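# Topology and contacts: notes
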Amino acid sequence: MMPVFEITKAATFDAAHYIEQGPADHRYRKLHGHSFKVEASVKGQMQDAGWVADLEGLDTALKSVAAELDHGLLNDRPGLESPTLERLCLYFAERLTPAFPGLSRVEISRPTIGERCALSL
Ligand SMILES: Nc1nc2c(c(=O)[nH]1)N=C([C@H](O)[C@H](O)COP(=O)(O)OP(=O)(O)OP(=O)(O)O)CN2
Ligand SMILES: [Zn+2]
């Protein structure tokens, strides 16, 4: 049986958001910012080059999506009207899957506050 590998690339972005949950004066509802890390993984078999795929391609695509969000208000983006970690996972997955059909996992974290969420595909 051919071994299956999972390769992963990470990128970071900083963005503002608010989440309309909880009582009217809840802190989630107030505009605030986070530093985010996104990790995307692709599964596949080793190609003749000795790799599943060149990590540079995944790096470029991941950074391009992260740059769209960097220093912006997440709530302004279609699909991120309620910008939870879960929605962010879906946002990245929808944008990466067409170029990377082997996309197997997207993880979004807020390292400074110890929160993360992973989407398995
Ligand atoms: N399942 C999820 N739960 C929560 C999400 C989420 O995306 N998915 N998001 C939030 C809020 O974005 C919130 O801003 C997170 O920060 P907070 O809980 O306020 O954490 P802090 O450490 O910054 O605040 P403290 O006051 O220090 O606890 C909440 N839940
Ligand atoms: Zn927040």
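Keep in mind it's a predicted model, so treat the numbers as computed, not measured. (Residues numbered from 1 in each chain as written. Chains lettered and ligands numbered in written order. Predicted model: local features only at pLDDT ≥ 70, side-chain atom pairs only at ≥ 80, totals over all residues. Heavy atoms only, no water.)

What follows deals with the UniProt feature "binding site: Zn(2+)" (unreviewed entry) in the protein chain. What UniProt calls "binding site: Zn(2+)" (unreviewed entry) maps, in this numbering, to His17, His32 and His34. In sequence the annotated residues extend across 18 residues, while in space they remain close, none of their C-alpha pairs exceeding 8.1 Å. By the element assignment, His17 lies in strand β1 (residues 4–17). Apart from the residues lying within four places of it in its own chain, the contact partners of His17 are Lys30, Leu31, His32, His34, Leu73, Leu74, Asn75, Pro83 and Arg110. (UniProt positions renumbered as here; feature names shortened; annotations may be inferred. Helix = DSSP H or I, 4+ residues; strand = E, 2+ residues; numbered from the N terminus. Contact = heavy atoms within 4.5 Å.)

Turning our attention to the sheet that holds strand β4 (residues 115–120). The strand order β1-β2-β3-β4 describes an open sheet built from four strands, whose pairing is antiparallel. Both edges of this open sheet fall to β1 and β4, since each of them pairs with a single strand only. Neighbouring strand axes in the sheet, compared pairwise and without regard to direction, differ in orientation by 15° on average. Pairing analysis gives six bridges linking strand β3 (residues 103–110) to β4, with the strands arranged antiparallel. Paired with Arg105 across the two strands is Ser120, which belongs to β4. Set on the sheet, helix α1 (residues 55–69) makes contact with β1 and β2 (32–45); between it and β1 the angle comes to about 20°. (Pairing = 2+ DSSP bridges. Axes fitted to C-alpha atoms, helices over the stretch in contact; angles between N-to-C directions.)

Tallied over the entire structure, the rule returns six salt bridges. For the salt bridge of Lys37 with Glu39, the shortest nitrogen-to-oxygen distance reads 3.8 Å. Classification of Lys37 as partly exposed rests on a relative accessible area of 31%. The residue Glu107 makes a salt bridge to Arg116 at a minimum N-O spacing of 3.7 Å. Note on Glu107: relative accessible area 9%, which makes it buried. Exposure remark for Arg116: the relative accessible area of 64% places this residue in the exposed category. Via salt bridges that share partners, Arg105, Glu107 and Arg116 belong to a single interconnected network. (Salt bridge = Lys/Arg side-chain N within 4 Å of Asp/Glu carboxyl O. Buried < 20%, exposed > 50% of the residue type's maximum accessible area, 1.4 Å probe, protein only.)

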